[in-house]
Every structure is written in C-alpha cells, then in structure tokens.
Amino acid sequence: MKNKIKYPIILYIALLFLISSVKGICQNNVSEINVLTLENRLMFGNYLYKEHDYLRAINEFHDYLRFENNDTIRFKAADCFHKMGRLDEAADNYKGLFFNSTLMSEARLAYIKSKFDERQFASFRNLVVQKTNFAEKYTHEIFRLKNITYLLDNTFLPERNEFIESFPQNYRTDIENFYNRKLHPEYKSPVYASILSAIIPGAGKIYTGNIGDGITSLLFTGVLSYLSYTNFDNDHKTRAWVFTGLAGYFYAGNIYGSAASAHIYNADVNFTYKSDLEQFLNSVNYFLPEFGFLK
Amino acid sequence: MKRILILILLCNVGLYAQTDWERWEAKEVSYQSNAAENHEHEYVSGGSGFILSALKGTYSFFISDLDGDNCPFSPTCSGFFIQSVQKTNIITGALMFADRFVRDSNLFKSRNQYKLVIHNHLYDPVENYLLKTESVKFNFEK
C-alpha cells in the first residue's frame, strides 16, 4: 500500500525536475542568442531594401555603419533617401563617398541624378557644364541626362542630329519621335477655334474634338435664332428681343467655350507628351547603368 | 377646356417627376477622395457679389434643393457660375456659364473628356476655362 502511494510521488517529483531543467536550458539558450548582431542588422537592412521599405532600411544601415565602414552600405543608405524623394539628404549622403571610396564615380553619378530629380533643369545644366562633382567615367551618361532635360522643360531644343546621336542606337527612333512631338506639338489654335465658332456656332468645338458639344451649341444657337426670327416676323417684339438676347448670349458663350476647349486640348497634348516621355525614360532607367551592388 | 389643360399639366408633372427611390436606395460605400465644392467660393463679396449670392440662394432654395443633386458636374453649374465670376469678372463669368450650360445640355451625352470624381460627378473646374493652358487641371487637387 505504501509503495502504491510512493511511486506516483516519486514519478511526479522526477517529472517536475525534468521539466524545470529543460525550461532552464531553453531560457539559457535564448538569452545567449543575440539577434541584433551587425550581420543580422545588415541582412535585415538588405531585406528591407529589396522590399522597398526604404525608411526602415535606412535605420538598419545607419546602425550597421556606426560600427562598420562599408561604402556599399553608405551608397545604399543614400539610395534609400533618393528613392524616397528626400533628395537633399540623398545628395549629402552621396557626397560622403566622393573621395577615397571605391564607389566614387558611381556616387558622383547618383549625386548628379539626384540633382536631375530636383527638376530645376536650368541649374542642373549649369552644374553639368561647370562639371561640378563630375564623374569622368560616366561623362556620356551625364551629358545624356543634360540632353533629356531639353525634352522635359520649356526651353529650346538643341540641333537635331547632335541631340539624337547622344542616345544609344536602338533608342534613337523613340527619342526622335519625342523630339518631333516637342518641336511640333499637335496643338489646336484657340483663335482658329473661336473664328470657326463665330462663323458656324459649334464648329470650333468640333475642331477640338468635342463633336457632341459642338452640335449641341449649333442647335442651341440655331433654335434660339429661329425663334427670334419668327417672333420678329410675326411682330411679337418683346419675345423676339428675349430670344435674340438669349441667342446672342449663347453665341458669345460658344465662341468663348471654343477657345477654352482648344486650351484644354493643348493642355492634354502637353500632359500626354510628358507622361509618355516619363514612362519611356523610367523604362530605360534614364539611360543610366544599373549597379550590381545594389541588387 | 381649362380642366383638360390642368389635367394634362398634372399628368406631365407626374411623368417628369424625379424617381426618388433610385436615388435613395442602399449604395456601396465609396472611399474615393471627396471633390465636394469649395463653399467658401460660393458667396462673393461686394455689390455684384451680393446680387449673385442672393440669386444663388434663391435658386438653391426654390429649385436646386427641391430638385435634388442632379447636376452631373463638380462643381455644379450654379457653383461654377459663382466661382467663374469670382475668378474673372461678371461678363467672362457669364460667358463661361453659357458654355457650361450648353455642355451640361449635351444631347449626345458624350462626356469622355471629363474625369469622374465621387458620386460619379464629372470633374470640370473653373480653372480649365480661364483661357490659360497652364491652369488646366485634369485631376482633383486640393
């Protein structure tokens, strides 16, 4: 009887001992593992960078750089700022790699690109011409960027052949197409649209592609003019003058609207040109090399 | 004869009355950004402003509020008129309104040139009709 009570108690104590010892070992192992090592920080930073989580990647890179000097990571941190649109901080970080660095030329090129992304094209062209912080290794790429600015802002275009030849052979047709679109945009003249609408109400709107609005204008003015004519004809002077006033009002409004319609058409031409150009330039990475160390 | 005329008139009112059950039925919640009219532009200061605001108030009270939210555009035609007068002058504003009125009455309902904003309203801001290519806006911006 005594043994029957004894064994379960011994078993229970033995189990307690076993469990507590296993737990103790586990805790010790966990406390011994330090997840915040430099290598882990770097790995996590690179993972965040690949996932385009640039804000958090910068934190990891900066923590890593407090203990280790690594030009690639410095470049990556600058690139994070660049990709987030924090261009001043990106430029400052690139500058840190301008001297005594293996990535000196790449950093200078990326710095120039960050200046390009500020979209102050006149000052950007001055920067390139004065060769401030210039990367000799990437001279062609930088001058190509300078040429791209002519397509993007409202200044004159350089001489055609010289301009197009600065781009790679297989993209010259596309570039020439954009050059032509910039040089001869398919605008509609607001004056011409107004004159057309003055001759035939609604014709100016049809000229700018708004056919439905044009026909409606013609009907509005036509019906009101007809009503004023018949009322004058039947000697209903008051009504006739009311309809004449309305016809004149909508006639004038239609001329104004045709000019406005041409302006909207032209704004759409500009908008389409810019979005097409940006899409093309992004697809070819602005003709800049893609750096393997960033992958 | 009078009775027949009154009967026809009443029938017409019944036929053209707004079908409210379509407007007030349950709808999907939209999380699109709101392109509600900027009400601060709807009232203009000064002498002509007082007349315009009075006109707008009368129109809103007697017609617009009773008729419901029927203008397909954003801003609405009345709001467009007030804003256009405020941004230009009474003559140009009136011409802009005439043009808007005709576009609103487009018989063919060809309205592909407008962007859709909340409640499927057509985005047609006053800035697009100031005769300046640079001021044209294609998307709603605050």
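Procedures and definitions
- Every chain's residues receive numbers from 1 upward, in the order its sequence appears when written.
- Lettering for chains starts from A, numbering for ligands starts from 1, and both go in the order in which the items are written.
- Predicted model: local features are reported for residues with pLDDT of at least 70 only, side-chain atom pairs are reported and counted for 80 or more only, and whole-chain, interface and lining totals are derived from all residues.
- Secondary structure is summarised from DSSP: a helix means a run of H or I of at least four residues, a strand means a run of E of at least two, and numbering begins at the N terminus for each.
- Only the C-alpha atoms count toward the radius of gyration. The rule for a globule is 2.2 Å times the residue count to the power 0.38.
- Neighbour density around each residue's C-beta defines its exposure: 20 or more other C-beta atoms within 10 Å make it buried, 12 or fewer make it exposed, and counts between make it partly exposed, where C-beta atoms are placed from the backbone.
- Here the contact rule is simple: place C-beta atoms from the backbone, and any two residues whose C-beta atoms are within 7 Å are in contact.
- Residues enter a nonpolar core if they are buried, belong to Ala, Val, Leu, Ile, Met, Phe, Trp, Tyr or Cys, and are joined to the set through C-beta atoms within 7 Å.
- Classes in brief: Ala, Val, Leu, Ile, Met, Phe, Trp, Tyr, Cys and Pro nonpolar; Asp, Glu, Lys and Arg charged; the others, Gly included, polar.
- Domain limits in this description derive from either an automatic procedure or a database domain assignment.
- Comment: axis = line fitted to C-alpha atoms, over the contacting stretch for helices; angle = value between 0 and 180 degrees taken between N-to-C directions.
- In this scheme, roughly parallel covers angles under 35 degrees and roughly antiparallel covers those over 145, while 65 to 115 is roughly perpendicular and the rest are oblique.
- Note on convention: the crossing is left-handed when the near helix lies turned anticlockwise from the far helix by less than a right angle, right-handed when the turn is clockwise.
- Should DSSP find at least two bridges between two strands, the strands are regarded as paired.
- The arc in question is the one traced by the directions running from the helix axis out to the C-beta atoms.
- Confidence scores labelled pLDDT are given residue by residue by the predictor and lie between 0 and 100.
- In this scheme, a helix's expected span is set at 1.5 Å multiplied by one less than its residue total.

### Focus on the overall build of chain A
- Regarding its fold elements, chain A presents 14 helices and zero strands.
- For chain A, the sequential pattern of α-helices and β-strands runs α-α-α-α-α-α-α-α-α-α-α-α-α-α.
- Whereas a compact globule of 295 residues would reach a radius of gyration of roughly 19 Å, chain A reaches 36 Å, over 25% beyond that.
- When its C-alpha atoms are laid out on the principal axes, chain A stretches across 130 × 75 × 30 Å.
- Across the 295 residues in chain A, those meeting the buried criterion constitute 27%.
- Residue pairs at least 24 apart in sequence account for 50% of intrachain contacts in chain A once pairs closer than 6 positions are excluded.

### What to know about the nonpolar core
- One finds Phe250, Tyr256 and Ala259 of chain A to be the most contacted residues of the largest nonpolar core, which totals 29 residues.
- If you tally residues by element for this core, the top one is helix 14 (residues 237–283) of chain A, at ten residues.
- Setting aside residues no more than four positions away along its own chain, tyrosine 256 of chain A makes contact with Leu95, Met96 and Asp99 of chain B.
- Listed in part, the 25 residues of the second largest apolar core include Ile58, Tyr64, Phe81 and Ile142 of chain A.

### Notes on unusual backbone geometry
- Cis geometry is found at the peptide bond from serine 74 of chain B to proline 75 of chain B, where omega equals 0°.
- A positive phi angle, close to 55°, is found at asparagine 285 of chain A, a residue other than glycine.
- Positionally, asparagine 285 of chain A belongs in the segment after helix 14.

### As for the interface of chain A and chain B
- Each side of the interface is counted separately: chain A has 25 residues, and chain B has 19 residues.
- Sorting the residues of the side of chain A that touches chain B by element identifies helix 13 (211–233) and helix 14 of chain A as the ones contributing at least two each.
- Split by residue class, the side of chain A that touches chain B holds 14 nonpolar, ten polar and one charged.

### Some thoughts on the domain arrangement of chain A
- Taken as a whole, chain A is organised into domain 1 (1–33), domain 2 (38–153) and domain 3 (190–279).
- Averaged C-alpha coordinates put domain 2 of chain A and domain 3 of chain A at centres separated by 53 Å.

### With respect to the packing of helix 5 (residues 87–95) of chain A against helix 6 (residues 104–117) of chain A
Residues and elements named next belong to chain A.
- Between helix 5 and helix 6, whose axes approach to 9 Å, the crossing angle comes to 165°. Taken together, helix 5 and helix 6 sit at an angle that is classed as roughly antiparallel. When the axes of helix 5 and helix 6 are compared, the crossing they make is left-handed. Residue-level contacts link Leu87, Ala90, Ala91, Tyr94 and Lys95 of helix 5 to Ala107, Ala110, Tyr111, Ser114, Lys115 and Asp117 of helix 6.
- Residue composition of the contact of helix 5 with helix 6, grouped by class: seven nonpolar, one polar and three charged.

### Here we look at the sheet that holds strand 2 (residues 115–117) of chain B
Residues and elements named next belong to chain B.
- The sheet built from three strands is open, its strands ordered 1-3-2 with mixed pairing. On the outer flanks of this sheet lie strand 1 (73–74) and strand 2, each paired with one strand and no other.
- Sheet topology note: the strand 2/strand 3 (residues 121–123) ladder contains three bridges and is antiparallel. In the sheet register, valine 117 faces strand 3, and the bridge partner there is histidine 121.

### Here's the deal with the packing of helix 13 of chain A against helix 14 of chain A
Residues and elements named next belong to chain A.
- Helix 14 packs onto helix 13 with a crossing angle of 155° between their chain directions and a minimal axis gap of 8 Å. Compared by their axis directions, helix 13 and helix 14 come out roughly antiparallel. Viewed along their axes, helix 13 and helix 14 form a crossing whose handedness is left-handed. Along its contact with helix 13, which presents Ser217, Phe220, Thr221, Leu224, Ser225, Leu227, Ser228, Asn231 and Phe232, the element helix 14 presents Arg239, Ala240, Phe243, Thr244, Leu246, Ala247, Phe250, Tyr251 and Asn254.

### Description of helix 11 (residues 190–199) of chain A
Residues and elements named next belong to chain A.
- Inspection of helix 11 places Pro190, Ala193, Ser194, Leu196 and Ser197 among the buried residues, and these make up the whole buried set. Down the axis of helix 11, the buried set is contained in an arc of 160°. They therefore lie on one face. Facing away from the buried side of helix 11 by over 90 degrees, the exposed positions are Val191 and Ile199.
- Buried-residue contacts for helix 11 involve helix 12 (203–207) and helix 14.

### Digging into the environment of aspartate 71 of chain A
Residues and elements named next belong to chain A.
- Inspection of the secondary structure assignment puts aspartate 71 in helix 4 (residues 71–84).
- Owing to 17 C-beta atoms within 10 Å, aspartate 71 belongs among the partly exposed residues under this scheme.
- The sequence separation of aspartate 71 and leucine 103 amounts to 32 residues, and the corresponding C-alpha distance is 6.9 Å.
- Setting aside its immediate chain neighbours within four residues, aspartate 71 contacts Leu97, Ser101, Thr102 and Leu103.

### Looking at the confidence of the model for chain A
- Averaged over all residues, the pLDDT of chain A equals 90, while 94% of them reach at least 70.
- Confidence scores differ between elements of chain A, with helix 1 (residues 2–32) of chain A showing the lowest mean pLDDT of 67 and helix 11 of chain A the highest of 97.

### Observations concerning the confidence of the model for chain B
Residue and element names in this part refer to chain B.
- Mean pLDDT for chain B: 77, with 74% of residues reaching 70 or above.
- Mean pLDDT per element in chain B: helix 2 (residues 20–23) is the minimum at 60, and helix 5 (residues 90–104) is the maximum at 93.
- This model gives residues 37–41 a pLDDT under 50, and the stretch forms eight contacts once residues within four places in sequence are excluded.
- For this predicted complex, the interface score ipTM comes out at 0.71, alongside a pTM of 0.75.

### Topic: helix 8 (residues 139–152) of chain A
- Taking 1.5 Å of rise per residue, the 14 residues of helix 8 of chain A would be expected to cover 20 Å, and the 20 Å separating its terminal C-alpha atoms lies within 8% of that figure.
- Looking at the packing, one finds that the buried side of helix 8 of chain A touches helix 6, helix 7 (121–129) and helix 9 (160–165) of chain A.

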